[in-house]
Amino acid sequence: MKALFKTLLIALMVLAFVRPAFADYNDGEEIPVQALLPLMAWVEAQTGVRVPAPPRVIASRTYLTAVVSRMGRIAGRARAVYVSGNIVLDNNSFDLEDSTQVSLLVHEMVHYAQSFRRTTVWSCPQEKEVEAYTLQNKWLEEQGHSPYVRASWIERMSSCDLRNGGTAVAAAR
């Protein structure tokens, strides 16, 4: 009886602390602008780029999967993308209270800010990743977390190496 009670108590404790497996956003739902403003202000301060308005941020695994499948090898295993003025996140995993997930949004906001730099010329698309990953790591550090990726990984994946067709094939971590 004591063993049964102990097992039930442990099971209840585990259930009480397990995070529910449901999405915070419905597929296709937009992240409220109010949630984006502090992050966009941080990105603007870091990049020195003023944007006219925050980007439209859509939480949609369906849209993310469709976009990534059209990008080919350059996308690797993208968990978020900036495309056509929109940032697309996976609604099944994005959570504004999860620093790693928010860092993915920060990364894509850097790309959004980069789109307003009319005078900057990059040798290849993945060269933009240096700033995006570096600022993503900086944001995580300011939140008291470990970097998302190592500097050596950023250097490798952002290379315009023509031997691999100028495309990044690596996936984070």
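Everything below is about the structure printed above this text.
This report concerns the structure included in the present document. (Residues numbered from 1 in each chain as written. Predicted model: local features only at pLDDT ≥ 70, side-chain atom pairs only at ≥ 80, totals over all residues. Heavy atoms only, no water.)

## Focus: the sheet that holds strand S1 (residues 29-30)
Now for step 1: With mixed pairing, the four strands of this open sheet are ordered in space as S1-S2-S4-S3. Both edges of this open sheet fall to S1 and strand S3 (80-83), since each of them pairs with a single strand only.
Now for step 2: Bridge analysis of strand S2 (residues 56-59) against strand S4 (residues 86-89) gives four bridges, and the strand direction is parallel. Across the sheet, Val 57 pairs through a bridge with Ile 87, a residue of S4.
Now for step 3: In the packing of helix H4 (residues 99-114) onto the sheet, contacts are made with S2, S3 and S4, and the angle to S3 comes to roughly 20 degrees. (Pairing = 2+ DSSP bridges. Helix = DSSP H or I, 4+ residues; strand = E, 2+ residues; numbered from the N terminus. Contact = heavy atoms within 4.5 Å. Axes fitted to C-alpha atoms, helices over the stretch in contact; angles between N-to-C directions.)

## As for the state of the cysteines
Now for step 1: Counted according to the given criterion, the structure contains one disulfide.
Now for step 2: Here Cys 124 connects covalently by a disulfide to Cys 160, the sulfurs 1.8 Å from one another. With the S-S bond torsion at -80 degrees, the cross-link from Cys 124 to Cys 160 turns out left-handed. Of this pair, Cys 124 sits in the loop between H4 and helix H5 (129-142) while Cys 160 is found in the segment after helix H6 (151-157), placing the two residues 36 residues apart along the sequence.
Now for step 3: Residue class for Cys 160 comes out partly exposed when judged on its relative accessible area of 28%. (Disulfide = S-S within 2.5 Å. Buried < 20%, exposed > 50% of the residue type's maximum accessible area, 1.4 Å probe, protein only.)

## Comments concerning the pattern of salt bridges
Now for step 1: Applying the stated criterion to the full structure yields four salt bridges.
Now for step 2: Of the charged contacts, one joins Arg 61 and Asp 90 as a salt bridge, the two residues approaching to 2.8 Å between their closest N and O atoms. Residue Arg 61 is located in helix H3 (residues 61-71), and its partner Asp 90 is located in the loop between S4 and H4; the two are separated by 29 residues in the primary sequence.
Now for step 3: Judged by its relative accessible area of 11%, Asp 90 falls in the buried class. (Salt bridge = Lys/Arg side-chain N within 4 Å of Asp/Glu carboxyl O.)

## A look at the environment of Val 68
Now for step 1: Structurally, the position occupied by Val 68 is in helix H3.
Now for step 2: A sequence separation of 11 residues divides Val 68 from Arg 79, and the C-alpha atoms of the two residues are 9.0 Å apart.

## Here's the deal with unusual backbone geometry
Now for step 1: Unusually for a residue other than glycine, Ser 84 sits at a positive phi of about 50 degrees.
Now for step 2: For Ser 84, the position within the fold is in the loop between S3 and S4.
Now for step 3: Among the residues examined, Ser 84 registers a relative accessible area of 66% and is labelled exposed.

## Comments concerning H3
Now for step 1: Taken together, the buried positions of H3 are Leu 64, Val 67 and Val 68. On an axial view of H3, the arc spanned by its buried residues comes to 95 degrees, and they lie on one face. Opposite the packed face of H3, turned more than 90 degrees from it, sit the exposed residues Thr 62, Ser 69 and Arg 70.
Now for step 2: Directly after H3, the chain includes Gly 72, whose backbone phi takes a positive value near 70 degrees. (Arc of directions from axis to C-beta.)

## Quick look at the nonpolar core
Now for step 1: Within the largest apolar cluster, 33 residues are counted, with the highest numbers of intra-cluster contacts made by Ile 31, Val 43, Leu 89, Leu 105 and Met 109.
Now for step 2: Among the elements of the structure, helix H2 (33-47), S2, S4, H4, H5 and H6 are those that each provide at least two residues to this core.
Now for step 3: No other element matches H4, which puts eight residues into this core.
Now for step 4: Each residue touching Met 109, except ones within four places of it in the same chain, is listed here: Leu 36, Leu 39, Met 40, Val 43, Pro 55 and Ile 87.
Now for step 5: Counting residues in each nonpolar core, the second largest holds five residues, with Leu 64, Val 67, Val 81 and Val 88 among its members. (Core = buried A, V, L, I, M, F, W, Y, C linked by side-chain atoms within 4.5 Å.)

## Considerations on the pairing of S2
Now for step 1: Looking at chain direction, S1 and S2 are connected through two bridges and run antiparallel. Residue pairing in the sheet places Glu 30 in a bridge with Ile 58 of S2.

## Comments concerning the environment of Phe 116
Now for step 1: Along the chain, Phe 116 turns up in the loop between H4 and H5.
Now for step 2: Distance in space between the C-alpha atoms of Phe 116 and Arg 50 is 8.0 Å, their sequence separation being 66 residues.
Now for step 3: The residues touching Phe 116, leaving out its near neighbours within four places in the chain, are Val 49, Val 51 and Pro 52.

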